[in-house]
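Single-letter residue listing:
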Amino acid sequence: MKKVKLDIVGLSYSQTQSGAYALVLGEVNGRRRLPIIIGAFEAQAIAIEMEKMTPSRPLTHDLFKTFAEAYHIEVREILIYNLVDGVFFAKLICSDGTNLQEIDARTSDAIALAVRFNASIYTYEFILSSAGIVIEGDDFLFLENMEGLSKEHGTEEIPTPISGSGYKSLSVEELQQKLQEALAEEAYEKAARIRDELNKRNSGQ
């Protein structure tokens, strides 16, 4: 089956569907996007690594990477290999330098490890054709209505995130200070919301 390489376009949360996060993957050299509804913890784990934030103690995915590297195991590739009843299935393609091993994983965990190992992300053409969305304008406008998006197993009940509305009145310096405080307290959901507000300021929104 034909594989299609994907990049991470970003993470978004919906103002209309409380607590829902979408991980948006994009076709390399293409306009198709593959949005996947994931849980708040996994969204934070991906965002923290993408933004190069440093937690005070290792997160689970950081621990996995350290453990794997201690035994010379590398995650080479992530493959989203199936979509059944709106649920994505993924696996890690790992190597110890001699043997290749495939390990089943939730899609969000696989992506969180991909950003840590700098591993390539792939899916099959049939998945992108059936669940992908062609984007001609803003990558995130289509996320305003997230009811029909596919998800991964275990995200039927997604925790409600901390509201970020209270951060709008703070200065950039105050936000950066609160971000460091949130990281020190291991309040990663709060840190992710502060990061989102900082990103909005930086992009002029």
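Note that the coordinates shown come from a computational prediction; the quantities given were computed from them, not determined experimentally. (Residues numbered from 1 in each chain as written. Predicted model: local features only at pLDDT ≥ 70, side-chain atom pairs only at ≥ 80, totals over all residues. Heavy atoms only, no water.)

Attention now moves to the pattern of salt bridges. For the coordinates displayed, the defined rule picks out 10 salt bridges. Between arginine 116 and aspartate 62 there is a salt bridge, and its shortest N-O distance comes to 2.7 Å. Linking arginine 116 in helix α3 (residues 107–117) with aspartate 62 in helix α2 (residues 60–70), this pair joins segments that are 54 residues apart in sequence. Comparing arginine 116 with aspartate 62, the two get one shared label, buried. The partner of glutamate 102 in a salt bridge is lysine 91, with the nearest N and O atoms 2.9 Å apart. Residue glutamate 102 is found in strand β6 (residues 100–105), and its partner lysine 91 is found in strand β5 (residues 87–95); the two are separated by 11 residues along the sequence. Classification of lysine 91 by relative accessible area gives buried; the value is 17%. Where salt bridges share partners, they join Glu27, Arg32 and Glu125 into one cluster. (Salt bridge = Lys/Arg side-chain N within 4 Å of Asp/Glu carboxyl O. Helix = DSSP H or I, 4+ residues; strand = E, 2+ residues; numbered from the N terminus. Buried < 20%, exposed > 50% of the residue type's maximum accessible area, 1.4 Å probe, protein only.)

The subject of this paragraph is unusual backbone geometry. The residue lysine 52 is not glycine, and still its phi comes out positive at about 60°. With respect to the secondary-structure elements, lysine 52 resides in the loop between α1 (40–50) and α2. Of note in this structure, asparagine 118 is not a glycine but carries a positive phi near 55°. The topology assignment puts asparagine 118 in the loop between α3 and β7 (120–124).

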